[in-house]
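If you want the building blocks of each chain, they are given just below.
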Amino acid sequence: MILVALAAFVAFRLGVSYRKKIAEAEYGSAEAEAKEIVERAKKDAENKKREILLEAKEENHKQRQELEKEIKERRNEITRQERRIQQKEETLDKKNEAIEKKDESLNLKEKELDAAKIEIEEIKQKELEVLQKISGLSVEDAKQFLLKSLESEVRHEAAMMVKDIETQAKEEADKKAKDIIAGAIQKCAADHVAETTVSVVNLPSDEMKGRIIGREGRNIRTLETLTGIDLIIDDTPEAVILSGFDPVRREIARVSLEKLIVDGRIHPARIEEMYEKAKKEVETEIKQEGENATFETGVHGLHPEIIKLLGKLKFRTSYGQNVLKHSIEVSHLSGLIAGELGADITLAKRAGLLHDLGKAADHEMEGSHVMIGAELAKKYKEGKEVIHAIMAHHGDVEATTLVAAIVQAADAISAARPGARRENIENYIKRLEKLEEIANSFEGVEKSFAIQAGREIRIMVRPEDIKDEGITMIARDIVKKIESEMEYPGQIKVNVIRETRAIDYAK
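Since this is a predicted model, take the numbers as computed values, not measurements.

Rules of the game
Residues numbered from 1 in each chain as written. Predicted model: local features only at pLDDT ≥ 70, side-chain atom pairs only at ≥ 80, totals over all residues. Heavy atoms only, no water. Helix = DSSP H or I, 4+ residues; strand = E, 2+ residues; numbered from the N terminus. Buried < 20%, exposed > 50% of the residue type's maximum accessible area, 1.4 Å probe, protein only. Contact = heavy atoms within 4.5 Å. Core = buried A, V, L, I, M, F, W, Y, C linked by side-chain atoms within 4.5 Å. Patch = residues over 30% accessible without salt bridge, like charges linked within 9 Å, V, L, I, M, F, W, Y side chains within 5 Å. Areas by Shrake-Rupley, 256 points an atom, 1.4 Å probe, with all protein chains shown as cover. Salt bridge = Lys/Arg side-chain N within 4 Å of Asp/Glu carboxyl O. Pairing = 2+ DSSP bridges. Axes fitted to C-alpha atoms, helices over the stretch in contact; angles between N-to-C directions. Polar contact = N/O pair within 3.5 Å; in protein donor to acceptor, adjacent residues only side chain to side chain. Parallel < 35°, antiparallel > 145°, perpendicular 65-115°, else oblique. Left-handed = near helix turned anticlockwise from the far one by under 90°.

Looking at the overall build of the protein chain
- Along the protein chain, the regular secondary structure elements total 14 helices and eight strands.
- Counting over 507 residues, the protein chain shows a buried share of 29%.
- In the protein chain, 61% of the contacts between residues at least 6 apart in sequence involve partners at least 24 apart.

Next up, the structure:
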């Protein structure tokens, strides 16, 4: 047993010694291999380093050449610029020398002129002294005398000239103008309704008011929200008032409410349903009215949107005059006047029909109805003459075409004819008072009377203050002041009267 253990120990020691020799041999081999790898890596690194340095030197050389080239070009450019600047400086120096010479020449001439002026003033002063001795008047007295003489002569001649021109113009124009206007008015008539911003809906009974209001006001709130119109429910028996500035919205609200009253079922869902039906009905009516207007006037080829805008004018009024009827009337009048004057009738009727187009959209767009109408006409490809007639029909721009002047005249005729428009009593009284106030503000006026509903003012002047030839001038001055300070439809006749009476008694 001991022998076996001893043999095992010996074998173990021999195995350990053998493995140690093998490991030492392998370690020596690995160390040699590692040294070889390190040497190779060092050589490769050296080679790479030399290559990189070589490339860097080449790149540096290349960049240096480019930089030197660029510097050379810049130096050349700077040299050229310096030459140009030098040439300009030389030119400027020459110009400055020329200017200095001219200044010297001008200074000499100025001195000569000053000397001549002094000499002239001396001669003038001597002549004035001689004239004063001869006339016996001072300079101021002579000036006043001349000014008064000239003023009197000029005033008299101007008054006579104005009177002659007006007489001649009236003789030539009155008959023709009266024939054209009378014929046009006789051939054209239109119905007009009162201007209003409210609509009244009649109720079958006052009990319906409560149903329209609804529980906690839900029905009336729904109606007002959908239509954008205020409903006024007050003590007015069996009536509801719809108030709003947009006439189309007000019409939709009126139709909706009437349908609800007839149906009897008034609740938010039914209100929305009736509102949609009423909106479609009104839109159909607008389109139909626009088409009827084009058919009645014989104006064709209009853009569909313009036809809709014309239809909206049915619900607009101006001083009680329905704007659509007014537009149709102006179209007819424009055509008739154009026919009498030999102008383009079709173009005149088209411009007359569209002249107030902006009033259909002035609740939706900013600006005057003239500018809005011109913009809409331009947007929908109307001709330049039509656009100009729209812009000129209220005098915002000067009428430069015959058609524009015809539309301007036709618009004034339609608006100013008796019965076409109305004013509320307050504005009417203010206009009469303003007319008389303007007339009485002129020196020499004794009394003034506004008559013919403010379309004429008669002015009595003092005969001792105003001569016969002076009444023409005072009438003209009053007209200008009325035109600048007042706004009114149509025209106002200014009638100045000078009367001299001689009274005696037989005894």
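Still to come is the rest of the account.
Examining the nonpolar core
- Ranked by size, the top nonpolar core spans 31 residues in total, and within it L302, I306, L310, L354, L357 and L376 carry the most contacts.
- At the level of secondary structure, the elements contributing two or more residues to this core comprise α7 (304–312), α8 (323–341), α9 (345–354), α10 (369–379), α11 (384–392) and α12 (402–416).
- Ranked by residues supplied to this core, first place goes to α11 with five residues.
- In terms of nonpolar packing, the next biggest core, distinct from the first, is built from 19 residues, L435, I466, I474 and I492 among them.

Quick word on a nonpolar patch on the surface
- A contiguous nonpolar surface patch, about 590 Å² in accessible area, is contributed by L6, F9, V10, F12, L14 and V16.
- Relative to the helices and strands, L14 resides in helix α1 (residues 2–135).

Focus on the sheet that holds strand β2 (residues 230–232)
- One open sheet accounts for three strands, arranged β1-β3-β2; its pairing is antiparallel. Edge positions in the sheet fall to β1 (198–202) and β2, since each of these pairs with one other strand and no more. Averaged over all adjacent pairs, the angle separating strand axes in this sheet is 25°, with direction ignored.
- Pairing between β2 and strand β3 (residues 239–243): three bridges, direction antiparallel. Pairing of I232 across the sheet is with I241, part of β3.

Here's the deal with the side chain of S331
- Along the chain, S331 falls in helix α8.
- Residue S331 is classed as buried on the basis of its relative accessible area of 0%.
- Excluding residues that lie within four positions of it along the chain, S331 makes contacts with T297, V299, K349, G352 and L353.

Some words on α9
- Of all ten residues that make up α9, eight are buried, and the element is covered over most of its length.
- Within the sequence span of α9, burial applies to L347, A348, K349, R350, A351, G352, L353 and L354.
- One side-chain oxygen at the N-terminal end of α9 lies 3.2 Å from the backbone nitrogen of T346; it belongs to D344.

Focus on unusual backbone geometry
- For E216, which is not glycine, the phi dihedral falls at a positive 55°.
- One can find E216 in the loop between α3 (207–213) and α4 (218–227).
- By relative accessible area, E216 is classed as exposed at 73%.
- Here K381, not a glycine, exhibits a phi torsion of approximately 65°, which is positive.
- Relative to the helices and strands, K381 is located in the loop between α10 and α11.

Looking at the packing of α9 against α11
- The contact between α9 and α11 brings their axes to 9 Å, and the two run at 45°. Taken together, the axes of α9 and α11 lie oblique to each other. Judged by the twist between their axes, the crossing of α9 over α11 is right-handed. Along its contact with α9, which presents L347, R350, A351 and L354, the element α11 presents E385, V386, A389 and I390.

So, the pattern of salt bridges
- Counted under the stated rule, the structure contains 19 salt bridges.
- E273 is the salt-bridge partner of K277, the closest N and O atoms lying 3.8 Å from each other. In this pair, K277 and E273 both sit in helix α6 (residues 268–297), four residues apart, roughly one turn of the helix.
- E273 sits in the partly exposed class, given a relative accessible area of 37%.
- Through salt bridges with shared partners, a single network forms among D263, R265, R270, E273 and K277.

With respect to the pairing of β3
- Most of β3 sits out of view: four of its five residues are buried.
- In terms of strand pairing, β1 meets β3 through five bridges, oriented antiparallel. Looking across to β3, one finds that V201 is bridged to V240.
- Connecting β2 to the antiparallel partner β3 that follows it, the hairpin turn spans six residues, and E238 within it adopts a positive phi of roughly 50°.

Some thoughts on the side chain of S334
- Residue position: S334 is located in helix α8.
- Its relative accessible area of 0% is what places S334 among the buried residues.
- For S334, the contacting residues outside a window of four places in its chain are A348, K349, G352, I406, V407 and A410.

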